[in-house]
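As a plain string of letters, each chain reads:
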Amino acid sequence: MTQDEMKQAVAKAALEYVESGTIIGIGTGSTANYFIDYLASIKHKIEGTVASSNASTERLKKHGIQVFDLNSVSEISVYVDGADESNRHLHLIKGGGGALTREKIVAAASRKFVCIADESKLVDVLGKFPLPVEVIPMARSYVARELVKLGGQPVLREGFTTDNGNVILDVHNLQIMEPVKLEETLNHITGVVTNGLFARRPADVLLLGTKDGVKKID
């Protein structure tokens, strides 16, 4: 199987977690896009969706799938999204597409978080993929200096603004041995909106696309 075929396989497998008559949380990125496309085939079974980005909102609407504002719903049954990295504890790095803050909000509001990824995303230690940190623009230089003190090498994501109007610092050269602790430390830096570690609220299930088919880690 190619990487794209693995992504398609896990996206299709995630349909099993869709509960009829409920609202589904939708992530952002190439694997999430495949899930949106498959979800269109059963859109009559769900009440609607909450999306983590403007791009996903547009894709859902093109399929005729209703998108709700999170403030107008009381519960999301399941959140389905990809990841840039995952360890075997289902701690994730997300935000390669820049939607980490909204992804983290929708994940927090969901009863279950199903992560869908191809096997290249599973690692022993998080951090080879640069960790995205969303930052209020005026705090960019200050936050970058604080990240250097933590051993990281922050690089501004040039020409990119988040859906929230902020900038992203991608932090290189981290070996993240304690994801929960680092997530909390980063979030306490003044000017940081949030960071791409999903460790305090990890995935509940990881569907991993492999050459031998879909493997489930929970």
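Scoring rules and cut-offs
- Residues numbered from 1 in each chain as written.
- Predicted model: local features only at pLDDT ≥ 70, side-chain atom pairs only at ≥ 80, totals over all residues.
- Heavy atoms only, no water.
- Helix = DSSP H or I, 4+ residues; strand = E, 2+ residues; numbered from the N terminus.
- Buried < 20%, exposed > 50% of the residue type's maximum accessible area, 1.4 Å probe, protein only.
- Contact = heavy atoms within 4.5 Å.
- Areas by Shrake-Rupley, 256 points an atom, 1.4 Å probe, with all protein chains shown as cover.
- Lys, Arg positive; Asp, Glu negative; His and termini not counted.
- Charge placed at Lys NZ, Arg CZ, Asp CG, Glu CD.
- Core = buried A, V, L, I, M, F, W, Y, C linked by side-chain atoms within 4.5 Å.
- Axes fitted to C-alpha atoms, helices over the stretch in contact; angles between N-to-C directions.
- Parallel < 35°, antiparallel > 145°, perpendicular 65-115°, else oblique.
- Left-handed = near helix turned anticlockwise from the far one by under 90°.
- Nonpolar A, V, L, I, M, F, W, Y, C, P; charged D, E, K, R; others polar.

Novice: I tried to follow the overall build of the protein on my own but got confused; where do I start?
Specialist: When you go through the protein residue by residue, the secondary structure sums to six helices and 13 strands. Its C-alpha atoms give the protein principal-axis dimensions of about 50 × 40 × 30 Å. For the protein, the proportion of its 218 residues judged to be buried stands at 54%. A fraction of 72% describes how many contacts in the protein between residues 6 or more apart in sequence connect residues 24 or more apart. Total accessible area on the protein is roughly 10,200 Å²; 48% of this is exposed by carbon and sulfur atoms. For the protein, the distance from the average position of its 25 positive side-chain charges to the average position of its 27 negative side-chain charges is 1 Å.

Novice: Even after reading the chapter, I still don't get the nonpolar core, so can you show me in this structure?
Specialist: A general tendency of soluble globular proteins is for nonpolar side chains to be buried together. Val18, Phe35, Leu39, Val114, Ile116 and Leu207 are the most contacted members of the largest nonpolar core, which has 24 residues in total. At the level of elements, α1 (3-13), β1 (23-26), α2 (30-39), β3 (76-81), β6 (110-118) and β12 (205-210) are the ones that each hand at least two residues to this core. Setting aside residues up to four positions removed in sequence, Ile116 forms contacts with Val10, Ala11, Ala14, Thr31, Phe35, Val80, Asp81, Gly82, Ala83 and Leu207. Residues Val123, Leu131, Ala144 and Ile176 belong to the second largest nonpolar core, which totals 20 residues.

Novice: It is not clear to me how the packing of α1 against α2 should be interpreted in this structure. Could you clarify?
Specialist: What describes two packed helices is the angle between their axes and the distance between those same axes. Where α1 contacts α2, the axes come no closer than 8 Å and their chain directions differ by 50°. When the interaxial angle is binned, α1 and α2 end up oblique. Once α1 is placed against α2, the crossing between them reads as right-handed. On α2, the residues touching Asp4, Lys7, Gln8, Val10, Ala11 and Lys12 of α1 are Ser30, Thr31, Tyr34, Phe35 and Tyr38. Grouping the amino acids of the contact of α1 with α2 by side-chain chemistry returns five nonpolar, three polar and three charged.

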